[in-house]
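Geometric and topological summary
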Amino acid sequence: MNLLPGQAIGRDDIKSVGIRPEHLETHMENGKWAARAGVIENLGSDTVVYMETDDFGSVTVRLPGHHPLRTGDRVFLTPDEKHLHLFGKDGRKIHAKDALSAPAT
């Protein structure tokens, strides 16, 4: 699970947001977070890429099959919002029904 600050999704009212590597999409031209590919592991059925975002540090991305990314490639990441895990200032999970009523910034 990647853990990023709430600001990564524009939320100052939460401490952190979790997103699993398989729930991040990569795009070459646009997306929510700019990143650079680091270590790339081609595992056959999946490709695991360790990336460094411009603003929030390291993230791990799992892509299906063999992916043509190379170390140093600039990409954009977009999280699948229905798979975000939100954590409050106290570190406790915010459940989906509660997240809807939380103030957005």
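Shown above is the structure to which this text applies.
Residues numbered from 1 in each chain as written. Predicted model: local features only at pLDDT ≥ 70, side-chain atom pairs only at ≥ 80, totals over all residues. Heavy atoms only, no water.

Before going further, it helps to spend a moment on the side chain of Asn2. In this fold, Asn2 is placed in strand E1 (residues 2-5). A distance of 2.7 Å separates the side chain of Asn2 from the backbone nitrogen of Thr60, its partner in a polar contact. Discounting residues that sit within four places of it in the chain, Asn2 has contacts with Val17, Gly18, Ile19, Arg20, Pro21, Leu24, Val59 and Thr60. (Helix = DSSP H or I, 4+ residues; strand = E, 2+ residues; numbered from the N terminus. Polar contact = N/O pair within 3.5 Å; in protein donor to acceptor, adjacent residues only side chain to side chain. Contact = heavy atoms within 4.5 Å.)

The next subject is the pairing of strand E7 (residues 74-79). Along E7, the buried face is formed by Val75, Leu77 and Pro79; none of Arg74, Phe76 and Thr78, which line the opposite face, is buried. Looking at chain direction, strand E3 (residues 24-27) and E7 are connected through four bridges and run antiparallel. The residue of E7 that forms the bridge with Leu24 is Pro79. Of the pairings in the sheet, the one linking strand E4 (residues 33-42) to E7 comprises four bridges and is antiparallel in character. The partner of Ala34 across the bridge, within E7, is Phe76. (Buried < 20%, exposed > 50% of the residue type's maximum accessible area, 1.4 Å probe, protein only. Pairing = 2+ DSSP bridges.)

In this section: the sheet that holds strand E8 (residues 85-87). Pairing within the open sheet is antiparallel, and its four strands lie in the order E1-E2-E8-E9. Whereas interior strands pair on both sides, the edge strands pair on one side only; in this sheet they are E1 and strand E9 (93-94). In this sheet, E8 lies alongside strand E2 (residues 16-19) in antiparallel orientation, the contact comprising three bridges. When the sheet's bridge partners are listed, Val17 is paired in E8 with Leu86.

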